[in-house]
Amino acid sequence: MKRCIFYLPYKLEQNGERARMLRPKKMIQAFQKIGYRVYVIQGYAKERKARIHRLRTYINQGYKFDFMYSESSTMPTLLTEPHHYPLHPFFDFSFFHYIKKQGIRIGLFYCDIYWKFNMYGEVLPGWKKFFSLRNYEYDIWQYKRLLDRFYVPDLKICDYLDAECLTRIAKELPPGAENLMINKKDNVKRDFSKNPLSVFYVGGIGKYYQITELVRAVSQIDNCELTICCREEEWNKEKTTYESLLNNHIHIIHKNSGDLKEFYDGADLCSLMFRWDRYRVMAKPFKAYEYLAHEIPVLSTKGMAIGDFVEKNNIGWSIGYDVREITKVLKDILENPYLLEEKRKNCARVKKDNLWISRARTVAEDLTS
């Protein structure tokens, strides 16, 4: 029987809808789908210790595990308790060391490096920032000693870590797509005056999620509509930025991810258009692959990692974050609806190689070969 260990240094919320909670759930399910019995270690320190103790018992009894896969927290490993104090400074990486001594190879997905950018200081000023940064650096030091494979959303992340040994074992492992059954649309004879071009955006609204150029473009184009799905509290904070741009072309909704099927079914395009920033250059949003699962072409920002992915695979348009460029693309589609069909067919093709089970197979092959 094939077995693997799945390690999370934090508590996995069963109803959590953010990418940090959804991604590990999808990976666990994907490992199971490719035939692994997955021993999950997650929770706060007390829960992890109990699961580790039980696993040691299994190993002593002769159970074999093919590999261990882990995903980092957005916080330093030592600070993942609710109070964020390092009261259990040794046991996580001591366990990694124990696994390595058993001859079990270890791969870890490193989710982000916000801590390397100025935006992190806005969240944790002063001594807390200094203390947290040292703990992030401690994580990197341990990874150098313990990992066999270092997974990242995009290889550009390695440029900021100053860790050549991690760069050598680094590999991209972006989010995956669900293998959804999609009802095909016929856009060739589309009358947009009766059935407007529908653009859909799901995600954050705020300082690091600026979509004003997209809203401005759609608000000025006949036979085109934009639906924005965001958290209500975020919209209430940011709506003054958008109020002057709103008209009957723009619709704001606040829905959970489980309530979006009708909006995905009705969407012709999805948006990954954001104002450029240094961090987003290497980001591959979870939502990008959710859009891909629904086989919906996307608008993306040129020069960013996800824009490169869109351009390489011809699954949408990678353009500048500029109202004129966005307007041009949308008008081209309205005049030439066959363009949507071409991109949608490419989405269906590309999805097959970017499913969650593809990500799981990649890890399994890397850590068992």
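Procedures and definitions
- Residues numbered from 1 in each chain as written.
- Predicted model: local features only at pLDDT ≥ 70, side-chain atom pairs only at ≥ 80, totals over all residues.
- Heavy atoms only, no water.
- Axes fitted to C-alpha atoms, helices over the stretch in contact; angles between N-to-C directions.
- Helix = DSSP H or I, 4+ residues; strand = E, 2+ residues; numbered from the N terminus.
- Parallel < 35°, antiparallel > 145°, perpendicular 65-115°, else oblique.
- Left-handed = near helix turned anticlockwise from the far one by under 90°.
- Contact = heavy atoms within 4.5 Å.
- Nonpolar A, V, L, I, M, F, W, Y, C, P; charged D, E, K, R; others polar.
- Polar contact = N/O pair within 3.5 Å; in protein donor to acceptor, adjacent residues only side chain to side chain.
- Buried < 20%, exposed > 50% of the residue type's maximum accessible area, 1.4 Å probe, protein only.
- Pairing = 2+ DSSP bridges.
- Phe/Tyr/Trp six-rings, centres within 6.5 Å; stacked < 30°, edge-to-face > 60°.
- Lys NZ or Arg CZ within 6 Å of the ring centre and 35° of its normal.
- Core = buried A, V, L, I, M, F, W, Y, C linked by side-chain atoms within 4.5 Å.
- 1 Å grid on protein atoms, 1.4 Å probe; cavity = no way out; pocket = protein on both sides within 12 Å on 5 of 7 lines; lining within 4 Å.
- Points joined across faces, edges and corners; volume = space filled by probe spheres on them.

Q: Which residues make up the packing of helix 2 (residues 45-60) against helix 3 (residues 91-101), and what values do they have?
A: It is at 11 Å that the axes of helix 2 and helix 3 come closest, and there the two elements cross at 15 degrees. What the angle tells us is that helix 2 and helix 3 run roughly parallel. Remark: the crossing between helix 2 and helix 3 carries left-handed chirality. Residues Ala45, Arg48, Lys49, Ile52, Leu55, Arg56, Ile59 and Asn60 of helix 2 pack against Phe91, Asp92, Phe95, Tyr98 and Ile99 of helix 3. Here the residues of the contact of helix 2 with helix 3 sort into eight nonpolar, one polar and four charged.

Q: Give a description of the side chain of Thr80 that names residues and reports values.
A: Take Thr80: it is sitting in the loop between strand 3 (67-71) and helix 3. Reaching out from Thr80, the side chain makes a polar contact with the backbone oxygen of Pro9 at a distance of 2.7 Å. A polar contact of 3.2 Å, which involves the side chain of Thr80, links it to the backbone oxygen of Thr77. What Thr80 contacts, discounting residues up to four positions off in sequence, is Pro9, Tyr10, Tyr44, Arg48, Ser73 and Met75.

Q: Describe the pairing of strand 8 (residues 224-229), naming the residues involved and giving the relevant values.
A: In summary, the side chains of a regular strand alternate between the two faces of the sheet. Judged by how many residues are buried, strand 8 sits mostly within the fold: five of six residues are covered. As paired strands, strand 7 (residues 197-202) and strand 8 are joined by six bridges and run parallel to one another. Bridge pairing links Phe200 to Thr227 in strand 8. In this structure, strand 8 lies alongside strand 9 (residues 250-253), joined through four bridges in parallel fashion. In the sheet register, Leu226 faces strand 9, and the bridge partner there is Ile250.

Q: Mind laying out the sheet that holds strand 2 (residues 37-41), listing which residues take part and the relevant values?
A: Across the sheet, which stays open at both edges, the six strands sit in the order 2-1-3-4-5-6 with parallel pairing between neighbours. Each edge of the open sheet carries a strand with a single partner, namely strand 2 and strand 6 (170-172). Direction aside, the axes of adjacent strands within the sheet are offset by 25 degrees on average. As judged from the three bridges shared by strand 4 (residues 105-109) and strand 5 (residues 149-152), these two strands associate in the parallel manner. When the bridges of strand 5 are listed, Phe109 appears paired with Tyr151.

Q: Please provide a residue-by-residue account of the packing of aromatic side chains, values included.
A: Pairs of aromatic rings are described using the distance from one ring centre to the other and the angle between the two planes. This model, assessed by the stated rule, comprises 29 aromatic pairs. Consider the rings of Tyr209 and Phe274, whose centres lie 5.9 Å apart with planes at 80 degrees: the pair is edge-to-face. Separated by 65 residues along the polypeptide, Tyr209 in the loop between strand 7 and helix 7 (212-219) and Phe274 in the loop between strand 10 (269-272) and helix 10 (286-293) bring together distant segments of the chain. Taking the relative accessible area as the measure of exposure, Phe274 reaches 5% and is therefore buried. Directly above the aromatic system of Tyr39 lies the positively charged group of Arg51, at a separation of 4.1 Å from the ring centroid. Its end group placed over the ring of Tyr98, Arg56 keeps NZ or CZ at 3.9 Å from the ring centre.

Q: Quick rundown of the nonpolar core? Include the residues and the values.
A: Leu197, Phe200, Leu226, Ile228, Leu269, Trp317 and Leu330 are the most contacted members of the largest nonpolar core, which has 56 residues in total. Once residues within four sequence positions are removed from consideration, Phe200 is found in contact with Leu226, Thr227, Cys229, Ile253, Leu260, Phe263, Tyr264, Ala267, Leu269, Cys270, Ser271 and Tyr291.

Q: Break down the sheet that holds strand 8 for me, with residues and values.
A: Spatially, 9-8-7-10-11-12 is the arrangement adopted by the six strands of the open sheet, whose pairing is parallel. Both outer strands of the open sheet, strand 9 and strand 12 (316-319), are each paired with one neighbouring strand and no more. Ignoring which end each strand starts from, the neighbouring axes of this sheet average 20 degrees apart. The sheet contacts of helix 11 (residues 305-313) involve strand 10, strand 11 (298-301) and strand 12, and relative to strand 11 the element is tilted by about 130 degrees. Against the sheet, helix 12 (residues 323-335) contacts strand 7, strand 8, strand 10, strand 11 and strand 12, and its axis sits at roughly 155 degrees relative to strand 12.

Q: An account of the layout of surface pockets is requested, with residue identities and associated values reported.
A: If a probe the size of a water molecule is rolled over the atoms, the empty space left behind becomes visible. Estimated volume of the second largest pocket: approximately 310 Å³. Within the residue set of the lining of the second largest pocket, elements represented by two or more residues are helix 1 (19-33), helix 9 (261-266) and helix 10. A total of four residues in the lining of the second largest pocket trace back to one element, the largest contributor, which is helix 10. Residues that form the lining of the second largest pocket fall into these classes: nine nonpolar, four polar and four charged.

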